[in-house]
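Okay, here's what each chain looks like letter by letter:
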Amino acid sequence: MPKPWKSILFVVLCLLLILYFSISSQLELPASSGPYTVGRTVFQWVDSSRPEVLTEDPNDLREVIVMIWYPAEAGTGIRTGYFPNLPSVSDVLVQSGEVKWWEAFGLRFIRSESLLDATPVNAEHPFPVVIFSPGNGTNIEFYSSLASEIASHGYVVVGVNHPYDVPAVPLSSGEIAPYDKDQWILSIEEHQAYTTERVKVRVTDLLYVLEELDEMNSSGPFAGFMDLDSVAVAGHSLGGITASEACKADSRFKACLNFDGIQRGGPFSMEETAIPPEQSFLFFTKEPQLHPRLIERFESIPESYWIVVHGASHQSFTDGPLLQPSLLPGPNHADQLMDIIQQYTLAFLDHTLKGQPSALLSNSVDGNAVSVKVFPVQ
């Protein structure tokens, strides 16, 4: 083989190796940085007090499916894929229109750091709790990086898959609840009314989860494991609005986190005239500008924060960008954005639920990567 061709072949092989190792590195989420091994488990709960309004059978009851990430004993549990029940839900995920067929296919190759059904760690004190509501059309599994990171630092993260608001939720009957795609054929006004009603359902789901956690905390493997006097509620997109409304609905929530959820009432509500919650409030967003009336509402909360991640997109708060193949090995822009989101989220939770103030939230800052506005302004 002529020498020039050998050189070209060598360069091509090197590029292929770089591409292989780069894509391989994207098949696993970044490792959590906390001191705890992370376990993961799933519960299916049926709320016998509520009918399911999105099915034709009047005997159907509302179900709430949760995925819980928690500090676990090392060496216990089962190492599984990123989406543990993918074979049974893959087709319905694709039919939802929210996940492409090649994305559903690729999910089977993603590895998960958390251990399925691992033994809860034996700790001296119970752990604070974060209940998380996902965005419209987004399964809670797609928030695994953020949830695992929080759990690794000594929290119990309870992610809620709201049936029919997210794709492909397995029900206790064995059926798979599809995503309600019919909402997108509604007019703008009709869709706004529909969404307002779905937020109310979601809020009731979260309050029901809080009651179920109280029962879990009294017996079984999670007995005494959770500090239910230290509970925050969080959510992304429509889940962020749900979190704000849940805080207003129940004072047991000590703090509220909204990840880039904005409606007519800004990050606080579906309704333009609605008041914000009274609890400590964190709004994490890509939006560098807010209407002056929203700034006034931030100032009316005893303690609130508006954090802008520069260069972020709406999906930066999910695992989506982290799982996209990159031509370059090592951390990419999506990893860096998620690292910022995780740091400030933990700072807020440590401050509000553990009483550990953080310098990250002590003052307003305008930085290149992130800007922080602290209210009330001193």
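Quick summary incoming for the structure in this document. Just so it is clear, the structure is predicted and the values come from calculations on it, not from any experiment. (Residues numbered from 1 in each chain as written. Predicted model: local features only at pLDDT ≥ 70, side-chain atom pairs only at ≥ 80, totals over all residues. Heavy atoms only, no water.)

## Section: the overall build of the chain
- Counting its regular elements, the chain contains eight helices and 14 strands.
- If one aligns the C-alpha atoms of the chain with their principal axes, the spans along those axes are about 75 × 55 × 55 Å.
- Relative to its 378 residues, the chain shows a buried fraction of 52%.
- For the chain, contacts bridging at least 24 residues in sequence account for 72% of all contacts bridging at least 6.
- Accessible surface, the chain: about 17500 Å² in total, of which carbon and sulfur atoms supply 57%.
- With 22 positive and 45 negative side-chain charges, the chain shows a separation of 8 Å between the mean positions of the two kinds. (Helix = DSSP H or I, 4+ residues; strand = E, 2+ residues; numbered from the N terminus. Buried < 20%, exposed > 50% of the residue type's maximum accessible area, 1.4 Å probe, protein only. Contact = heavy atoms within 4.5 Å. Areas by Shrake-Rupley, 256 points an atom, 1.4 Å probe, with all protein chains shown as cover. Lys, Arg positive; Asp, Glu negative; His and termini not counted. Charge placed at Lys NZ, Arg CZ, Asp CG, Glu CD.)

## Comments concerning the side chain of Q183
- Along the polypeptide, Q183 turns up in the loop between β8 (176-177) and α5 (188-216).
- Separated by 3.1 Å, the side chains of Q183 and H191 make a polar contact.
- With near-sequence residues (within four places) excluded, Q183 lies in contact with N136, H191 and Y194. (Polar contact = N/O pair within 3.5 Å; in protein donor to acceptor, adjacent residues only side chain to side chain.)

## Some remarks on the nonpolar core
- With 55 residues, the main nonpolar core has F259 and F284 as its most contacted residues.
- In terms of residue count, helix α8 (residues 333-354) provides more of this core than any other element does, 11 residues in total.
- If you look at the next biggest cluster of nonpolar residues, it comprises 46 residues, including V66, L115, V156 and A243. (Core = buried A, V, L, I, M, F, W, Y, C linked by side-chain atoms within 4.5 Å.)

## Digging into the packing of helix α4 (residues 144-152) against α8
- The contact between α4 and α8 brings their axes to 10 Å, and the two run at 40 degrees. In terms of their interaxial angle, α4 and α8 are classed as oblique. The handedness of the crossing between α4 and α8 comes out as right-handed. In contact with S145, L146, E149 and I150 of α4, α8 contributes M338, I341, Q342, T345, L346 and L349. (Axes fitted to C-alpha atoms, helices over the stretch in contact; angles between N-to-C directions. Parallel < 35°, antiparallel > 145°, perpendicular 65-115°, else oblique. Left-handed = near helix turned anticlockwise from the far one by under 90°.)

## Considering the pattern of salt bridges
- The full count for this structure, using the stated rule, is 14 salt bridges.
- For D165, the salt bridge is made with R62, and the minimal N-O distance between the two is 4.0 Å. In this pair, D165 sits in the loop between β6 (156-161) and β7 (169-170) while R62 sits in strand β2 (residues 61-72), placing the two residues 103 residues apart along the sequence.
- Between K286 and E287 there is a salt bridge, with the nearest N and O atoms lying 2.9 Å from each other.
- Looking at E287, the relative accessible area reads 26%, which means it is partly exposed.
- Taken together, the shared-partner salt bridges in this structure form one network comprising D47, R50, E52, R62, D165, R198 and D205. (Salt bridge = Lys/Arg side-chain N within 4 Å of Asp/Glu carboxyl O.)

## Side note on the pairing of strand β14 (residues 370-375)
- Counting buried residues along β14, five of its six residues qualify, which places the element largely inside the surrounding structure.
- Strand direction decides the pairing type here: strand β12 (residues 304-309) and β14, joined by six bridges, are antiparallel. Note that in β14 the partner of I307 across the bridge is V372.
- Alignment of strand β13 (residues 365-366) against β14, held across two bridges, turns out to be antiparallel. Bridged to D366 within β14 is S371.
- Following β13, the chain reverses through three residues before pairing antiparallel with β14. (Pairing = 2+ DSSP bridges.)

## Brief notes about the packing of aromatic side chains
- The tally for this structure, following the rule as stated, stands at 24 aromatic pairs.
- Ring geometry for F43 against W45: centres 5.7 Å apart, planes inclined by 25 degrees, an arrangement best described as stacked.
- Judged by its relative accessible area of 25%, F43 falls in the partly exposed class.
- Ring geometry for F259 versus F317: centroids 6.0 Å apart, planes at 50 degrees, classification tilted. (Phe/Tyr/Trp six-rings, centres within 6.5 Å; stacked < 30°, edge-to-face > 60°.)

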